[in-house]
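Chain by chain, the residues:
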Amino acid sequence: MRLKKVVAIFGSLIVILVIFMIYSTKDLIVYSNRKSSIDEDIRDNKLLHFEDRIKQLEANLNEHHNAVSEIKLAMKHMRQPSPSTRSIKNNSVPSMNYWPKRFVVSELMYDVSCPIQVNFVPKTNVQMLELYKSISFDNIDGGVWKQGWRIEVDERDWNRQNKLNVFVVPHSHNDPGWIKTIEEYYSTQTKHILDNMLLKLPEDPRRKFIWAEISYFAMWWDELDEEDKEKVKRLLRNNQLEIVTGGWVMNDEANSHWVSIMHQLTEGHQWLQQNLNYTPLSSWSIDPFGLSATQPVLLKEMGLQNMLIQRTHYAVKKQLAMQQHLEFRWRQLWGKYL
Ligand SMILES: [Zn+2]
(Lines give C-alpha, C1' and ligand atoms only; values in the text may rest on other atoms or scores of the structure.)
Protein backbone atom coordinates (compact mmCIF):
# COMPACT_ATOMS: atom_id res chain seq x y z
CA MET A 1 0.00 0.00 0.00
CA ARG A 2 2.80 2.30 1.01
CA LEU A 3 4.76 1.30 -2.11
CA LYS A 4 1.72 2.17 -4.28
CA LYS A 5 1.54 5.62 -2.67
CA VAL A 6 5.27 6.25 -3.34
CA VAL A 7 4.90 5.11 -6.97
CA ALA A 8 1.85 7.38 -7.45
CA ILE A 9 3.68 10.44 -6.04
CA PHE A 10 6.79 9.68 -8.10
CA GLY A 11 4.67 9.17 -11.22
CA SER A 12 2.86 12.49 -10.88
CA LEU A 13 6.18 14.26 -10.26
CA ILE A 14 7.50 12.88 -13.57
CA VAL A 15 4.33 14.00 -15.41
CA ILE A 16 4.66 17.55 -13.98
CA LEU A 17 8.34 17.62 -14.96
CA VAL A 18 7.55 16.55 -18.56
CA ILE A 19 4.81 19.20 -18.88
CA PHE A 20 7.19 21.86 -17.56
CA MET A 21 9.91 20.85 -20.06
CA ILE A 22 7.46 20.96 -23.00
CA TYR A 23 6.26 24.41 -21.90
CA SER A 24 9.82 25.82 -21.56
CA THR A 25 10.89 24.50 -24.98
CA LYS A 26 7.82 26.11 -26.64
CA ASP A 27 8.58 29.41 -24.91
CA LEU A 28 12.20 29.29 -26.07
CA ILE A 29 11.17 28.69 -29.71
CA VAL A 30 8.71 31.65 -29.60
CA TYR A 31 11.37 33.87 -27.98
CA SER A 32 14.04 32.95 -30.53
CA ASN A 33 11.60 33.61 -33.41
CA ARG A 34 10.74 37.02 -31.96
CA LYS A 35 14.40 37.80 -31.38
CA SER A 36 15.35 36.93 -34.96
CA SER A 37 12.52 39.14 -36.29
CA ILE A 38 13.74 42.04 -34.08
CA ASP A 39 17.30 41.44 -35.38
CA GLU A 40 15.96 41.52 -38.92
CA ASP A 41 14.19 44.83 -38.23
CA ILE A 42 17.39 46.36 -36.82
CA ARG A 43 19.34 45.14 -39.88
CA ASP A 44 16.67 46.61 -42.16
CA ASN A 45 16.80 49.93 -40.32
CA LYS A 46 20.59 50.05 -40.55
CA LEU A 47 20.38 49.33 -44.27
CA LEU A 48 17.76 52.04 -44.72
CA HIS A 49 19.94 54.50 -42.83
CA PHE A 50 22.93 53.57 -44.98
CA GLU A 51 20.79 54.00 -48.11
CA ASP A 52 19.68 57.45 -46.87
CA ARG A 53 23.29 58.50 -46.35
CA ILE A 54 24.26 57.43 -49.88
CA LYS A 55 21.29 59.34 -51.33
CA GLN A 56 22.30 62.38 -49.29
CA LEU A 57 25.88 62.15 -50.55
CA GLU A 58 24.62 61.88 -54.11
CA ALA A 59 22.39 64.96 -53.60
CA ASN A 60 25.29 66.92 -52.07
CA LEU A 61 27.53 66.02 -55.02
CA ASN A 62 24.90 67.18 -57.49
CA GLU A 63 24.40 70.40 -55.56
CA HIS A 64 28.14 70.98 -55.52
CA HIS A 65 28.31 70.30 -59.25
CA ASN A 66 25.48 72.79 -59.92
CA ALA A 67 27.12 75.45 -57.77
CA VAL A 68 30.43 75.08 -59.62
CA SER A 69 28.67 75.35 -63.00
CA GLU A 70 26.85 78.49 -61.84
CA ILE A 71 30.08 80.11 -60.66
CA LYS A 72 31.76 79.24 -63.99
CA LEU A 73 28.88 80.73 -65.95
CA ALA A 74 28.75 83.85 -63.80
CA MET A 75 32.51 84.37 -64.30
CA LYS A 76 32.11 83.92 -68.05
CA HIS A 77 29.41 86.62 -68.05
CA MET A 78 31.63 88.94 -66.02
CA ARG A 79 34.52 88.52 -68.49
CA GLN A 80 32.44 88.99 -71.65
CA PRO A 81 29.32 91.09 -71.09
CA SER A 82 26.55 90.04 -73.42
CA PRO A 83 25.87 92.42 -76.37
CA SER A 84 22.27 92.80 -75.16
CA THR A 85 23.48 94.66 -72.06
CA ARG A 86 24.74 97.45 -74.26
CA SER A 87 21.38 97.85 -76.00
CA ILE A 88 19.13 98.34 -73.01
CA LYS A 89 16.49 100.90 -73.88
CA ASN A 90 15.36 103.52 -71.42
CA ASN A 91 12.68 102.35 -68.97
CA SER A 92 12.92 98.76 -70.18
CA VAL A 93 13.85 95.77 -68.03
CA PRO A 94 17.40 94.52 -68.72
CA SER A 95 17.63 91.44 -70.92
CA MET A 96 17.95 88.25 -68.94
CA ASN A 97 21.26 87.49 -70.65
CA TYR A 98 22.73 90.17 -68.48
CA TRP A 99 22.15 88.30 -65.26
CA PRO A 100 24.31 85.42 -64.08
CA LYS A 101 22.73 81.98 -64.38
CA ARG A 102 21.05 81.89 -60.97
CA PHE A 103 18.81 84.85 -61.82
CA VAL A 104 17.40 83.02 -64.83
CA VAL A 105 14.89 81.57 -62.36
CA SER A 106 13.09 84.92 -62.57
CA GLU A 107 12.79 84.59 -66.30
CA LEU A 108 11.04 81.29 -65.81
CA MET A 109 8.64 82.71 -63.26
CA TYR A 110 7.53 85.97 -64.81
CA ASP A 111 7.15 87.70 -68.09
CA VAL A 112 9.79 90.39 -67.59
CA SER A 113 8.15 92.94 -69.87
CA CYS A 114 4.92 93.14 -67.87
CA PRO A 115 4.20 91.13 -64.77
CA ILE A 116 0.42 91.42 -65.05
CA GLN A 117 -1.23 89.98 -68.15
CA VAL A 118 -4.97 90.19 -67.91
CA ASN A 119 -5.63 88.04 -70.97
CA PHE A 120 -3.16 85.34 -70.11
CA VAL A 121 -4.83 82.17 -68.79
CA PRO A 122 -2.27 79.93 -67.12
CA LYS A 123 -2.49 76.21 -67.81
CA THR A 124 -2.82 74.47 -64.47
CA ASN A 125 -4.05 71.16 -63.12
CA VAL A 126 -5.77 72.88 -60.24
CA GLN A 127 -7.04 76.43 -60.65
CA MET A 128 -7.82 77.56 -57.12
CA LEU A 129 -10.40 80.19 -58.11
CA GLU A 130 -12.34 77.48 -59.97
CA LEU A 131 -11.89 75.02 -57.11
CA TYR A 132 -13.39 77.52 -54.67
CA LYS A 133 -16.48 77.76 -56.87
CA SER A 134 -16.88 73.99 -56.95
CA ILE A 135 -16.50 73.33 -53.22
CA SER A 136 -19.78 73.40 -51.31
CA PHE A 137 -18.15 74.29 -47.93
CA ASP A 138 -20.78 72.17 -46.20
CA ASN A 139 -18.63 71.83 -43.05
CA ILE A 140 -19.45 68.23 -42.18
CA ASP A 141 -17.72 67.56 -38.88
CA GLY A 142 -15.48 64.59 -38.07
CA GLY A 143 -12.45 62.59 -39.08
CA VAL A 144 -8.76 62.93 -38.34
CA TRP A 145 -8.99 66.65 -38.75
CA LYS A 146 -12.14 68.75 -38.45
CA GLN A 147 -14.26 68.28 -41.56
CA GLY A 148 -11.93 65.58 -42.90
CA TRP A 149 -12.74 61.90 -42.85
CA ARG A 150 -11.73 58.81 -40.92
CA ILE A 151 -8.43 57.35 -42.15
CA GLU A 152 -7.97 53.68 -41.39
CA VAL A 153 -5.04 51.41 -42.13
CA ASP A 154 -5.57 47.68 -42.45
CA GLU A 155 -2.46 45.98 -41.06
CA ARG A 156 -3.01 43.03 -43.39
CA ASP A 157 -2.28 45.24 -46.43
CA TRP A 158 1.33 45.76 -45.33
CA ASN A 159 4.21 43.42 -44.62
CA ARG A 160 8.00 43.21 -44.72
CA GLN A 161 8.05 43.15 -48.54
CA ASN A 162 5.34 45.77 -49.01
CA LYS A 163 6.02 48.39 -46.35
CA LEU A 164 3.82 51.37 -45.61
CA ASN A 165 5.96 54.51 -45.72
CA VAL A 166 5.07 56.86 -42.93
CA PHE A 167 6.83 60.24 -42.90
CA VAL A 168 7.20 61.69 -39.44
CA VAL A 169 8.67 65.17 -39.05
CA PRO A 170 9.56 65.85 -35.40
CA HIS A 171 9.12 69.59 -34.92
CA SER A 172 8.00 72.23 -32.50
CA HIS A 173 6.14 75.48 -33.06
CA ASN A 174 7.23 78.52 -31.05
CA ASP A 175 5.53 81.86 -31.57
CA PRO A 176 7.76 84.68 -30.34
CA GLY A 177 4.99 86.23 -28.29
CA TRP A 178 1.36 85.15 -28.13
CA ILE A 179 -0.20 84.51 -24.70
CA LYS A 180 3.18 84.93 -23.01
CA THR A 181 6.06 87.20 -24.00
CA ILE A 182 9.01 85.84 -25.99
CA GLU A 183 11.17 85.79 -22.84
CA GLU A 184 8.51 83.93 -20.84
CA TYR A 185 8.02 81.35 -23.57
CA TYR A 186 11.79 80.97 -23.88
CA SER A 187 12.49 80.33 -20.21
CA THR A 188 9.44 78.13 -19.51
CA GLN A 189 9.22 76.09 -22.72
CA THR A 190 11.44 76.81 -25.72
CA LYS A 191 14.79 76.53 -23.95
CA HIS A 192 13.86 73.07 -22.65
CA ILE A 193 12.74 71.88 -26.09
CA LEU A 194 16.07 72.89 -27.63
CA ASP A 195 18.06 71.51 -24.66
CA ASN A 196 16.31 68.16 -25.06
CA MET A 197 16.93 68.19 -28.77
CA LEU A 198 20.65 68.59 -28.15
CA LEU A 199 20.56 65.78 -25.62
CA LYS A 200 18.52 63.27 -27.60
CA LEU A 201 19.61 63.62 -31.25
CA PRO A 202 23.25 62.56 -30.74
CA GLU A 203 22.05 59.33 -29.08
CA ASP A 204 20.82 57.89 -32.39
CA PRO A 205 21.79 59.10 -35.89
CA ARG A 206 18.31 58.18 -37.17
CA ARG A 207 16.67 60.85 -35.00
CA LYS A 208 15.73 64.07 -36.76
CA PHE A 209 14.37 67.45 -35.74
CA ILE A 210 13.53 70.67 -37.53
CA TRP A 211 13.52 74.25 -36.26
CA ALA A 212 12.02 77.39 -37.79
CA GLU A 213 12.11 80.46 -35.52
CA ILE A 214 15.59 82.00 -35.45
CA SER A 215 14.64 84.62 -32.81
CA TYR A 216 14.44 81.79 -30.26
CA PHE A 217 17.32 79.83 -31.77
CA ALA A 218 19.59 82.89 -31.43
CA MET A 219 18.61 83.36 -27.75
CA TRP A 220 19.42 79.71 -27.05
CA TRP A 221 22.66 79.78 -29.06
CA ASP A 222 23.96 82.70 -27.02
CA GLU A 223 23.69 80.61 -23.86
CA LEU A 224 25.55 77.55 -25.23
CA ASP A 225 29.17 76.80 -24.40
CA GLU A 226 31.66 76.09 -27.20
CA GLU A 227 31.30 72.30 -26.92
CA ASP A 228 27.52 72.45 -27.34
CA LYS A 229 27.84 74.87 -30.26
CA GLU A 230 30.06 72.29 -31.98
CA LYS A 231 27.42 69.63 -31.29
CA VAL A 232 24.78 71.78 -33.00
CA LYS A 233 27.02 72.27 -36.03
CA ARG A 234 27.61 68.51 -36.22
CA LEU A 235 23.86 67.82 -36.13
CA LEU A 236 23.32 70.31 -38.94
CA ARG A 237 26.12 68.78 -41.01
CA ASN A 238 24.76 65.24 -40.78
CA ASN A 239 21.21 66.42 -41.48
CA GLN A 240 19.78 65.34 -38.16
CA LEU A 241 18.87 68.94 -37.43
CA GLU A 242 17.42 71.06 -40.20
CA ILE A 243 16.57 74.75 -40.10
CA VAL A 244 13.38 75.35 -42.05
CA THR A 245 12.48 78.76 -43.56
CA GLY A 246 14.94 80.36 -41.17
CA GLY A 247 13.07 83.63 -40.68
CA TRP A 248 13.31 85.59 -37.45
CA VAL A 249 9.69 84.47 -36.93
CA MET A 250 7.13 82.41 -38.87
CA ASN A 251 5.57 85.46 -40.44
CA ASP A 252 1.92 86.24 -40.99
CA GLU A 253 1.17 86.01 -44.70
CA ALA A 254 -2.34 87.42 -44.94
CA ASN A 255 -1.72 90.99 -43.78
CA SER A 256 2.02 91.61 -44.02
CA HIS A 257 3.51 93.76 -46.72
CA TRP A 258 6.16 91.91 -48.71
CA VAL A 259 8.81 94.37 -47.54
CA SER A 260 8.19 93.35 -43.92
CA ILE A 261 8.30 89.67 -44.89
CA MET A 262 11.63 90.18 -46.66
CA HIS A 263 12.94 92.14 -43.68
CA GLN A 264 12.32 89.39 -41.17
CA LEU A 265 13.50 86.64 -43.54
CA THR A 266 16.72 88.57 -44.15
CA GLU A 267 17.24 89.01 -40.42
CA GLY A 268 17.00 85.26 -39.79
CA HIS A 269 19.05 84.24 -42.81
CA GLN A 270 21.85 86.67 -41.99
CA TRP A 271 22.02 85.28 -38.47
CA LEU A 272 22.27 81.75 -39.89
CA GLN A 273 24.97 82.79 -42.36
CA GLN A 274 27.07 84.61 -39.78
CA ASN A 275 26.81 82.05 -37.00
CA LEU A 276 26.43 78.72 -38.75
CA ASN A 277 27.20 79.34 -42.43
CA TYR A 278 23.84 77.71 -43.09
CA THR A 279 21.23 78.31 -45.81
CA PRO A 280 17.76 76.77 -45.42
CA LEU A 281 16.37 74.77 -48.34
CA SER A 282 12.81 74.12 -47.20
CA SER A 283 10.11 76.38 -45.88
CA TRP A 284 7.72 75.44 -43.07
CA SER A 285 4.56 77.47 -42.70
CA ILE A 286 2.31 75.63 -40.30
CA ASP A 287 0.54 78.36 -38.35
CA PRO A 288 -0.06 81.48 -40.46
CA PHE A 289 -3.82 81.76 -40.90
CA GLY A 290 -4.10 82.10 -44.65
CA LEU A 291 -1.26 81.53 -47.07
CA SER A 292 -0.23 84.29 -49.44
CA ALA A 293 0.75 83.72 -53.07
CA THR A 294 3.56 86.25 -52.50
CA GLN A 295 5.39 84.11 -49.96
CA PRO A 296 6.40 81.25 -52.32
CA VAL A 297 7.64 83.79 -54.89
CA LEU A 298 9.92 85.44 -52.34
CA LEU A 299 11.11 82.09 -51.03
CA LYS A 300 11.88 80.79 -54.52
CA GLU A 301 13.84 83.95 -55.33
CA MET A 302 15.80 83.33 -52.12
CA GLY A 303 16.74 79.85 -53.30
CA LEU A 304 14.43 77.74 -51.16
CA GLN A 305 13.35 74.62 -52.99
CA ASN A 306 10.46 73.18 -51.03
CA MET A 307 7.68 74.51 -48.89
CA LEU A 308 5.03 73.10 -46.64
CA ILE A 309 1.80 74.90 -45.86
CA GLN A 310 -0.77 73.85 -43.34
CA ARG A 311 -3.64 76.21 -42.50
CA THR A 312 -5.77 76.14 -45.61
CA HIS A 313 -9.52 75.91 -45.18
CA TYR A 314 -10.51 72.41 -44.02
CA ALA A 315 -12.79 71.97 -47.03
CA VAL A 316 -9.98 72.89 -49.46
CA LYS A 317 -7.59 70.50 -47.76
CA LYS A 318 -10.18 67.72 -47.87
CA GLN A 319 -10.90 68.35 -51.56
CA LEU A 320 -7.19 68.34 -52.50
CA ALA A 321 -6.57 65.24 -50.40
CA MET A 322 -9.38 63.33 -52.12
CA GLN A 323 -7.92 64.18 -55.55
CA GLN A 324 -4.38 63.36 -54.29
CA HIS A 325 -3.40 66.95 -55.07
CA LEU A 326 -1.77 67.81 -51.77
CA GLU A 327 1.65 67.86 -53.44
CA PHE A 328 1.80 70.64 -56.01
CA ARG A 329 3.80 73.41 -57.62
CA TRP A 330 2.26 76.72 -56.69
CA ARG A 331 2.04 79.14 -59.61
CA GLN A 332 0.73 82.66 -59.21
CA LEU A 333 -1.85 84.19 -61.55
CA TRP A 334 0.81 86.53 -62.88
CA GLY A 335 3.31 83.68 -63.30
CA LYS A 336 4.02 82.37 -66.77
CA TYR A 337 5.80 79.12 -66.06
CA LEU A 338 6.14 76.73 -63.16
ZN1 LIG B 1 1.69 80.06 -34.05
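Residues numbered from 1 in each chain as written. Predicted model: local features only at pLDDT ≥ 70, side-chain atom pairs only at ≥ 80, totals over all residues. Heavy atoms only, no water.

Below, the discussion takes up helix H5 (residues 214-223). The buried fraction of H5 is high, at seven of ten residues. On its buried face, H5 is in contact with helix H4 (182-200), strand S1 (209-211), helix H6 (226-237), strand S2 (241-243) and helix H7 (258-276). (Buried < 20%, exposed > 50% of the residue type's maximum accessible area, 1.4 Å probe, protein only. Helix = DSSP H or I, 4+ residues; strand = E, 2+ residues; numbered from the N terminus. Contact = heavy atoms within 4.5 Å.)

Right, let's get into the nonpolar core. Phe 217, Trp 220, Val 232 and Leu 241 are the most contacted members of the largest nonpolar core, which has 24 residues in total. Residue assignment for this core shows that the elements contributing at least two residues are H4, S1, H5, H6, S2 and H7. For this core, the element with the most residues is H5, which contributes six residues. One finds Ile 210, Met 250, Trp 284 and Ile 286 within the second-largest nonpolar core, a separate group that totals six residues. (Core = buried A, V, L, I, M, F, W, Y, C linked by side-chain atoms within 4.5 Å.)

Let us now look at the coordination of the zinc ion. Only His 173 (NE2), Asp 175 (OD), Asp 175 (OD) and Asp 287 (OD) from the protein reach the zinc ion as donors, at distances of 1.9 to 2.6 Å. Here the zinc ion binds four donor atoms, and the angle range of 55 to 160° at the metal identifies the geometry as irregular. The sequence pattern describing where the donors of the zinc ion fall on their chain is H-x1-D-x111-D. Taken together, the positions of Asp 175 in the loop between helix H3 (128-134) and H4 and Asp 287 in the loop between strand S3 (282-285) and helix H8 (294-301) put the pair 112 residues apart, joining distant regions of the chain. On the basis of relative accessible area, Asp 287 is assigned to the buried category, the value being 17%. (Donors = N, O, S within 2.8 Å, 3.2 Å for Na, K, Ca; no water. Tetrahedral: all angles 85-135°; square planar, octahedral: opposite > 155°, others 65-115°.)

Moving on to the packing of H7 against H8. Remark: H7 packs on H8, axes separated minimally by 11 Å, with the N-to-C direction vectors making an angle of 40°. Viewed along their axes, H7 and H8 adopt a mutual orientation that is oblique. Here H7 and H8 pass one another in a crossing that is right-handed. On H8, the residues touching Trp 258, Ile 261, Met 262 and Leu 265 of H7 are Thr 294, Gln 295, Leu 298 and Leu 299. The residue inventory of the contact of H7 with H8, partitioned by class, reads six nonpolar, two polar and no charged. (Axes fitted to C-alpha atoms, helices over the stretch in contact; angles between N-to-C directions. Parallel < 35°, antiparallel > 145°, perpendicular 65-115°, else oblique. Left-handed = near helix turned anticlockwise from the far one by under 90°. Nonpolar A, V, L, I, M, F, W, Y, C, P; charged D, E, K, R; others polar.)

Averaged over every residue, the pLDDT of the chain is 81; residues scoring 70 or more account for 74%. Within the model, pLDDT remains below 50 along residues 81-108, and this stretch shows 25 contacts once partners closer than five positions in the same chain are excluded. (pLDDT = per-residue confidence, 0-100.)

It is worth spelling out the pairing of S3 at this point. Residues Ser 282 and Trp 284 line one face of S3 and the alternating positions Ser 283 and Ser 285 line the opposite face, and both faces are buried. With four bridges joining them, S3 and strand S4 (residues 306-309) adopt parallel strand pairing. Residue pairing for S4: Ser 283 is matched across the bridge by Met 307. Following the chain from S3 across H8 to the adjacent parallel S4, one finds a crossover that is right-handed. (Pairing = 2+ DSSP bridges. Right-handed = clockwise from strand over helix to strand, strands pointing away.)

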